[in-house]
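Summary of structural features
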Amino acid sequence: MAILELNHIKKTWQAELILEIDRLLVQPQDRIGLVGANGSGKSTLLRMIMGMDTDYQGRIDLRVPVDYLPQIQAPSPQSGGEATITALKPLFAQPKALLLLDEPTANLDLDHKNCLIQQVKDYPGAVLMVSHDRDFLDQTVDWIWAIEQRKLSVYKGNYTDYLSLQKRERAKQWQDYYQYQDRLQRLQASAQKRLDRAQSFKKKKASISWSDYKVNNFAGKYDAQEKAMAKSAKALERRMNRLEKVDKPAKEKRYTLKALGHLSDPSNTLIHLQDVDVQVDDRLLFHLQHFKLQKGDKVGLLGPNKAGKTTFLKGMVSRSLPGYYYDQLSVGYFSQNFDQLDLNQSILENVTQDSVQSMTLIRNLLAGLGFNIDKLDQRISTLSGGERVRLSLAKVLLADHHLLFLDEPTNYLDLPTLQELEAFLQEYPGTFVLVSHDQQFIKECVNRKYYIKDQQLLNEQQDTDYSDRSQQTLSLLQFKLQEAISNPEVSLTEIRQLQDQIQDLKETIKHKN
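Rules of the game
- Residues numbered from 1 in each chain as written.
- Predicted model: local features only at pLDDT ≥ 70, side-chain atom pairs only at ≥ 80, totals over all residues.
- Heavy atoms only, no water.
- Salt bridge = Lys/Arg side-chain N within 4 Å of Asp/Glu carboxyl O.
- Helix = DSSP H or I, 4+ residues; strand = E, 2+ residues; numbered from the N terminus.
- Buried < 20%, exposed > 50% of the residue type's maximum accessible area, 1.4 Å probe, protein only.
- Core = buried A, V, L, I, M, F, W, Y, C linked by side-chain atoms within 4.5 Å.
- 1 Å grid on protein atoms, 1.4 Å probe; cavity = no way out; pocket = protein on both sides within 12 Å on 5 of 7 lines; lining within 4 Å.
- Points joined across faces, edges and corners; volume = space filled by probe spheres on them.
- Nonpolar A, V, L, I, M, F, W, Y, C, P; charged D, E, K, R; others polar.

According to the stated counting rule, one finds 18 salt bridges in the structure shown. Salt-bridge contacts for Asp354 lead to Lys395; the nearest nitrogen and oxygen are separated by 3.2 Å. Of this pair, Asp354 sits in the loop between helix 9 (347–352) and helix 10 (359–368) while Lys395 sits in helix 11 (residues 385–398), and the two are 41 residues apart along the sequence. The partly exposed category is assigned to Asp354, whose relative accessible area is 36%. One salt-bridge network, in which partners are shared between bridges, spans Glu5, Arg23, Arg59, Asp61 and Arg63.

Written out as structure tokens, the structure is:
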């Protein structure tokens, strides 16, 4: 029996329809991902289920106890991650029949996200989650509820399955459109041919004498032929009008920055650091042996919260970390604050003042990041916090810089917008360093990775070697445990300590793989 049922739901805001649902069921132990653009009603739907929003038409029957995690708002990823972890603990400690989670992976580092994935898998009740983390959805859900054009549709499978189905549906839309155009054009050509032929009947042909032409014309022979042909053309017109119209699907947008301004600078090495300690107040965060950024590098920087990623970026921006910096280096730095925005300027003015790119590209990227192109003259002071973050990101991406540092740019982005950003970065002709806990996003955007582990900055080869050493350490501990168990002189406390070390190392290896 369903534990939650929604029937004939209509949610409006100021007389405008936001969300319409025909019928939805949640069964015990369902794992559901709720996706859609920002403002499509995802969080609103969770609040409606919780009874926190009752201003809607239709009926919601919640038949079991429920727990709910709203979105956690925090000034930084670190504090946001800690707040999310704290809020999640009691929900999993005392599980209920239904759990609602709104962006539960926001600000979580990889280790904590992997822990959450396992907790969701092991949860005894049903789970309904809003998330923009594709990897998280792929590993946890069996159903996707997608809000598209104000309607909620249900898809079987995880997020990748949903995207595959969307791709097939899109291919079918193009096929239907081309078939419609082909039939329409053939009918139009046939109709025009018959109209032309109808017109030709009254014209004298060279093979007919003037006397025969006059006789036939006087007898109305040509009029009858003309009318018959015109009637036939009219019938074809009616067939055209009866064709079910198939609209042309929207083309996928691709953004290509031209190599103008600093992007056209031929200089190759931008930053080169060697044997540097990254510290905060004399406290070591990590040590790097070698770090070099060259033109065209797209680098992913990974590590747990508080490992020093943001400190590292800020140190390079300020050039407080000792090393080589190209003397004309211009750096764009995106973080979660809005200090680079002029609140008295419009959306468009803020972006264009530092950009050398075309107005068409600027407008297209702003649209891709969720800004209505008819409202680009809106003042920054009227924007929400999330809109200001997205505008700050657009301003950095489009500005004239050699190098970009992007610190958690996917926060506040819904999945469609995140994929727009992904497409932009894939085509970006310059250099950037990207910090993100979104593994799929990192995978799609970068060509090199660095990892912060055990207070060391490791490149990909060093990270592989590190993992191999961890496996060797695990084998050694397991051997010591077998020896300890067979030795009557070893205490139970020592055996348990070895077991704990093995378990901790197994978790570490699992999460870092």
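Next, the rest of the story.
Before going further, it helps to spend a moment on the nonpolar core. Membership of the largest hydrophobic core comes to 39 residues, with the highest contact counts inside it found for Leu366, Leu391, Leu397, Leu406 and Leu425. Contributing elements (two or more residues each) for this core: helix 9, helix 10, helix 11, strand 15 (403–407), helix 12 (415–427), strand 16 (431–435) and helix 13 (439–445). Within the second largest apolar cluster, 28 residues are counted, among which are Leu273, Val278, Met316 and Val433.

Tallied over the full model, the rule gives three cavities of 30 Å³ or more. Estimates place the volume of the largest cavity at around 120 Å³. In terms of residue class, the lining of the largest cavity is made up of two nonpolar, seven polar and four charged. As a volume, the second largest cavity reaches approximately 70 Å³. Lining of the second largest cavity is provided by His262, Leu263, Asp265, Ser267, Leu270, Lys295, His402, Pro429, Gly430 and Thr431. Residue classes in the lining of the second largest cavity are distributed as three nonpolar, five polar and two charged.

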